[in-house]
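Fold and contact review
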Amino acid sequence: MRQISLSHADLYRGDLILVNAAHACCPGEPIPLSPAREGSPVLLARRASTLLGALMAEIQGWEGIVPVSGWRSQNEQKRIYFDSLRENGEAFTRAFVARPGHSEHQTGLAIDLGRRQEDVDFLCPDFPCEGVCQRFLERAADYGFVLRYPAGKEAVTGIAHEPWHFRFVGAPHAGFLAREGLVLEEYVDLLREHPVGRPLRLSFRGQAVCVSFLDARALAQAQLLAPEGVPLGVSGNNADGFILTEWGEAHVRLAALRGA
């Protein structure tokens, strides 16, 4: 068995961090970024960019879709927010633009996409449910992307419906969210009901996957143990714990610390 060491800083790292009005981005180490497509100034976290490229290659997406906005610095988000307040008013800005420090774009895991046309609106690009945009929607989850702000979930996400805004959460999470009609806020809440030892059982391309929640407070009294060679993904949730993704049956466990 190998011991998994997690720190408080790890709460704010990973593909499943929740960033919204209640949970701010945590400044930390620079994010490894790559262009969303070759030659584009729009940047994404490296793994998200790689999988977006694979998705677009499958559907020939770049022929009809353009990357509009990806990673943003704090200063850029601040400029966009206050420019929108001045140009569009408070109601529009509150609905469509996150406050600086609370934007998913600052994580490098979110991208706005638009249909290729002469004029593309930066804040609200056109992304219709037809043609190549529809093909993207149909295949996105298999590559780890979800529509982050769907219609009908405004009260949960705090953001108006944005058919152009996609968030990378990785597999198998994206497929489960899409199939169950959940947004990230609801998924993070659901996983709290599945602590280590009682995982949520999913599948991806025929392979069993176990997803469980580790309360950050448990690390003060126990250590996380995993068998050697078992694929394990760990992401903070940017709030109170860690989301563990085991490819195969669940083997991760907690062991009490000596003297605790």
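Here's a quick rundown of the structure. (Residues numbered from 1 in each chain as written. Predicted model: local features only at pLDDT ≥ 70, side-chain atom pairs only at ≥ 80, totals over all residues. Heavy atoms only, no water.)

Turning our attention to the layout of surface pockets. When its volume is computed, the second largest pocket comes out at roughly 390 Å³. Lining the second largest pocket are 27 residues, with Phe 96, Val 97, Ala 98, Arg 99 and Ile 159 positioned closest to its centre. For the lining of the second largest pocket, the elements supplying multiple residues, two or more each, are α2 (74-88), α3 (90-96) and β7 (162-168). Tallying contributions element by element places α3 first for the lining of the second largest pocket, with 4 residues. Its residues assigned to classes, the lining of the second largest pocket shows 11 nonpolar, 9 polar and 7 charged. (1 Å grid on protein atoms, 1.4 Å probe; cavity = no way out; pocket = protein on both sides within 12 Å on 5 of 7 lines; lining within 4 Å. Points joined across faces, edges and corners; volume = space filled by probe spheres on them. Helix = DSSP H or I, 4+ residues; strand = E, 2+ residues; numbered from the N terminus. Nonpolar A, V, L, I, M, F, W, Y, C, P; charged D, E, K, R; others polar.)

Let us look at the side chain of Ser 103. Structurally, Ser 103 can be placed in the loop between α3 and β5 (110-115). Residue classification places Ser 103 among the buried positions, given a relative accessible area of 3%. Within polar-contact distance, the side chain of Ser 103 engages the side chain of Gln 77 at 3.4 Å. A polar side-chain atom of Ser 103 sits 3.1 Å from the main-chain amide nitrogen of His 105. Beyond its immediate sequence surroundings of up to four residues, Ser 103 is in contact with Val 19, Cys 25, Arg 72, Gln 77 and Ala 98. (Buried < 20%, exposed > 50% of the residue type's maximum accessible area, 1.4 Å probe, protein only. Polar contact = N/O pair within 3.5 Å; in protein donor to acceptor, adjacent residues only side chain to side chain. Contact = heavy atoms within 4.5 Å.)

With that settled, consider the nonpolar core. It is characteristic of soluble globular proteins that their nonpolar side chains tend to be buried jointly. Leu 52, Ile 65, Leu 113 and Phe 136 are the most contacted members of the largest nonpolar core, which totals 26 residues. For this core, the elements supplying multiple residues, two or more each, are β3 (43-45), α1 (46-59), β5, α4 (131-139) and β7. When residues of this core are assigned to their parent elements, the largest contribution, 5 residues, is made by α1. By size, the runner-up hydrophobic cluster in this structure holds 19 residues, among which are Leu 18, Phe 176, Val 211 and Phe 213. (Core = buried A, V, L, I, M, F, W, Y, C linked by side-chain atoms within 4.5 Å.)

The next subject is the packing of α1 against α4. Between α1 and α4, whose axes approach to 10 Å, the crossing angle comes to 130°. In terms of axis orientation, α1 runs oblique to α4. The interaxial crossing formed by α1 with α4 has right-handed handedness. Facing Leu 52, Leu 55, Met 56, Glu 58 and Ile 59 of α1, the residues of α4 in contact are Val 132, Arg 135, Phe 136 and Arg 139. Along the lines of polarity and charge, the residues of the contact of α1 with α4 split into 6 nonpolar, no polar and 3 charged. (Axes fitted to C-alpha atoms, helices over the stretch in contact; angles between N-to-C directions. Parallel < 35°, antiparallel > 145°, perpendicular 65-115°, else oblique. Left-handed = near helix turned anticlockwise from the far one by under 90°.)

Summed over the entire model, instances satisfying the criterion amount to 9 aromatic pairs. Seen in terms of ring centroids, Phe 204 and Trp 247 are 6.0 Å apart; in terms of plane orientation they differ by 80°. Their pairing is edge-to-face. Within this pair, whereas Phe 204 is found in strand β8 (residues 200-204), its partner Trp 247 is found in strand β12 (residues 241-247), the two being separated by 43 residues in sequence. Taking relative accessible area as the criterion, Phe 204 reaches 17% and is therefore assigned buried. In this structure Trp 247 comes out as partly exposed when scored by relative accessible area, which is 24%. An aromatic cluster is defined as three or more aromatic residues linked by ring pairs; in this entry it consists of Phe 92, Phe 96 and Trp 164. (Phe/Tyr/Trp six-rings, centres within 6.5 Å; stacked < 30°, edge-to-face > 60°.)

With that settled, the discussion passes to the pairing of strand β9 (residues 207-215). Relative to β9, β8 is paired through 5 bridges, and the arrangement is antiparallel. Looking at the pairing, Arg 201 lines up with Cys 210 of β9. Pairing analysis gives 7 bridges linking β9 to β12, with the strands arranged antiparallel. When the sheet's bridge partners are listed, Leu 214 is paired in β12 with Phe 242. (Pairing = 2+ DSSP bridges.)

What follows covers the sheet that holds β7. Hydrogen bonds between backbone groups are what pair the strands of a sheet, and the pairing can be parallel or antiparallel. Spatially, 4 strands are ordered β4-β5-β7-β6 in an open sheet, and the strand pairing comes out antiparallel. The open sheet has two edge strands, β4 (65-69) and β6 (145-149), and neither has a second partner. Going from strand to strand, the sheet's axes swing by 45° on average, the running direction of each strand aside. Pairing analysis gives 4 bridges linking β4 to β5, with the strands arranged antiparallel. The partner of Pro 67 across the bridge, within β5, is Leu 113.

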